[in-house]
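Take a look at the letters that make up each chain.
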Amino acid sequence: MAEQLRPALKSHPLMIGIHTGGVWVAERLHRMLDLKEELGTLDISFYRDDFTRVGMNPQVRTSHLPVNVEDRHLILVDDVLHTGRTIRAALNEIFDYGRPASVLLACLVERGGRELPIEPQVVGERVKLGKNQHVKLSGPEKLELRIQEANG
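Residues numbered from 1 in each chain as written. Predicted model: local features only at pLDDT ≥ 70, side-chain atom pairs only at ≥ 80, totals over all residues. Heavy atoms only, no water.

A. Up close: the sheet that holds strand β3 (residues 73–81). Taken together, 5 strands build an open sheet; the order of strands is β2-β1-β3-β4-β5 and the sheet is parallel. Two strands in the sheet have a free side with no partner beyond their single neighbour: β2 (40–42) and β5 (122–126). Going across the sheet, the axis of each strand differs from the next one's by a mean of 20°, ignoring polarity. Bridge count for strand β1 (residues 14–18) against β2 is 3 bridges, and the pairing is parallel. Among the inter-strand pairings, Gly 17 is bridged to a residue of β2, identified as Thr 41. Where helix α2 (residues 21–33) meets the sheet, its contacts fall on β1, β2, β3 and β4 (102–110), and the angle it forms with β1 comes to roughly 155°. (Pairing = 2+ DSSP bridges. Helix = DSSP H or I, 4+ residues; strand = E, 2+ residues; numbered from the N terminus. Axes fitted to C-alpha atoms, helices over the stretch in contact; angles between N-to-C directions. Contact = heavy atoms within 4.5 Å.)

B. Representation of the pairing of strand β7 (residues 144–149) within the structure. Looking at chain direction, strand β6 (residues 133–138) and β7 are connected through 6 bridges and run antiparallel. Across the sheet, residue His 134 finds its bridge partner in β7, namely Gln 148.

C. Region of interest: the nonpolar core. The biggest cluster of nonpolar side chains holds 22 residues, and the ones touching the most others in it are Leu 5, Met 15, Leu 29, Ile 75, Val 77 and Ala 106. Those elements that place two or more of their residues in this core are α1 (2–5), α2, β3, β4 and β6. The element best represented in this core is α2, accounting for 5 residues. Beyond its immediate chain neighbours, meaning those up to four positions away, Leu 5 contacts Met 15, Leu 29, Leu 33, Ile 75, Leu 104, Ala 106 and Val 122. Leu 14, Leu 76, Ala 89 and Ile 94 belong to the second-largest nonpolar core, a separate cluster that totals 17 residues. (Core = buried A, V, L, I, M, F, W, Y, C linked by side-chain atoms within 4.5 Å. Buried < 20%, exposed > 50% of the residue type's maximum accessible area, 1.4 Å probe, protein only.)

Read these as layout, nothing more, since geometry by itself doesn't imply function.
And the structure:
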């Protein structure tokens, strides 16, 4: 993914990881690309469109954007892209902070099943899953992807 990102880097990009897995992936990419700007993090819990249905995530974390996003080139990182709703929520939160010049989406895994017209520019791996399967990233020290059967 780092090699895919290198040619796309604009001047002084700000990398932002989405909690939790996206932050783990972003931390690795940030080091590999030797980016100078501090890594930003987003917790999109309050921006989710299913917030009223599922209630509050018991592990709500703070979002941290180290610099103003206005007119900045951003690299938004997530672990698994599925429906696109997490990315929509992340973009809504980012735009509450300001209007970036551009947003490049990088995802470790793209699994299909989109409900919104959101596509990553950088993908680590594309996987086809069965109807009752999902992808789980564990970490942060050793990142490990597992395909699991959905409960229920």
